[in-house]
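# What the coordinates show
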Amino acid sequence: MSIVEFHHGVSDKLAYACRLLRKAYRAGAQVVVTGDAAALKALDRQLWVFDDREFVPHVLAQSEGSVPVRQHSTPIWLTADPVTAPGERGVLVNIGQTLPPGCERFARLFEIVSNEANDRQQGRLRWKSYAAKGWQVNPHEVKE
């Protein structure tokens, strides 16, 4: 069974994702981040500059086979298709608006949902889908 952590009420999804990924990296987690290609590209750029004192190792996989094998052990893997992420990765972070493909593979799933009306509505639909699967869904209202 998967556990879904719904982080909702986020004013800036990418900034929030950067902080969450830094925390996961510090804890030694192997993480896959998914969403649409534009959001992943923007997150990739933001991960390079969001903290002047610390780098969060990550790789952007834009297509299957686009990442050299030597980078497959990188702890944070950004991809539109989480099924293609290499190795054993227990955490999936969704910054997109759709149910991520292959989410059953992961023990924990973090949903980041912004204050924007459409994003909230799509988040509600995903919540219902996870609950229908019988997964444990935990809400976390973000107070920024």
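Each remark here, short or long, concerns the structure printed above.
Just so we're clear, the structure is a prediction, and the values are computed from it rather than from any experiment.

### Notes on the nonpolar core
By size, the foremost hydrophobic cluster in this structure holds 26 residues, and its most contacted members are Val-31, Val-33, Leu-43, Val-93 and Ile-95. Sequence-distant contacts of Val-33, defined by excluding residues within four places in its chain, comprise Leu-21, Leu-40, Leu-43, Ile-76, Trp-77, Leu-78, Thr-79, Val-93 and Ile-95. Ranked by size, the runner-up nonpolar core spans 16 residues in total, among them Val-32, Val-67, Phe-106 and Val-113.

### Re the environment of Ala-24
Structurally, Ala-24 can be placed in helix 1 (residues 13–26). Residues Ala-24 and Ser-129, spaced 105 residues apart in sequence, show a C-alpha to C-alpha distance of 25 Å. Ala-24 has contacts with Ala-29 and Val-31, leaving out every residue within four places of it along the chain.

### Examining the pattern of salt bridges
Pairing of side chains with opposite charge becomes possible as their charged atoms draw close. The full count for this structure, using the stated rule, is eight salt bridges. Arg-22 serves as the salt-bridge partner of Asp-51, at 2.7 Å between the closest nitrogen and oxygen. Of the two residues, Asp-51 is situated in the loop between helix 2 (37–49) and strand 3 (58–61) and Arg-22 in helix 1; the sequence distance between them amounts to 29 residues. Note on Asp-51: relative accessible area 10%, which makes it buried. For Arg-22, a relative accessible area of 18% gives the class buried. Between Arg-26 and Glu-54 there is a salt bridge, with its nearest N and O atoms 2.5 Å apart. Taken together, the positions of Arg-26 in helix 1 and Glu-54 in the loop between helix 2 and strand 3 put the pair 28 residues apart, joining distant regions of the chain. Among the residues examined, Glu-54 registers a relative accessible area of 22% and is labelled partly exposed.

What counts and how
Residues numbered from 1 in each chain as written. Predicted model: local features only at pLDDT ≥ 70, side-chain atom pairs only at ≥ 80, totals over all residues. Heavy atoms only, no water. Core = buried A, V, L, I, M, F, W, Y, C linked by side-chain atoms within 4.5 Å. Buried < 20%, exposed > 50% of the residue type's maximum accessible area, 1.4 Å probe, protein only. Contact = heavy atoms within 4.5 Å. Helix = DSSP H or I, 4+ residues; strand = E, 2+ residues; numbered from the N terminus. Salt bridge = Lys/Arg side-chain N within 4 Å of Asp/Glu carboxyl O.

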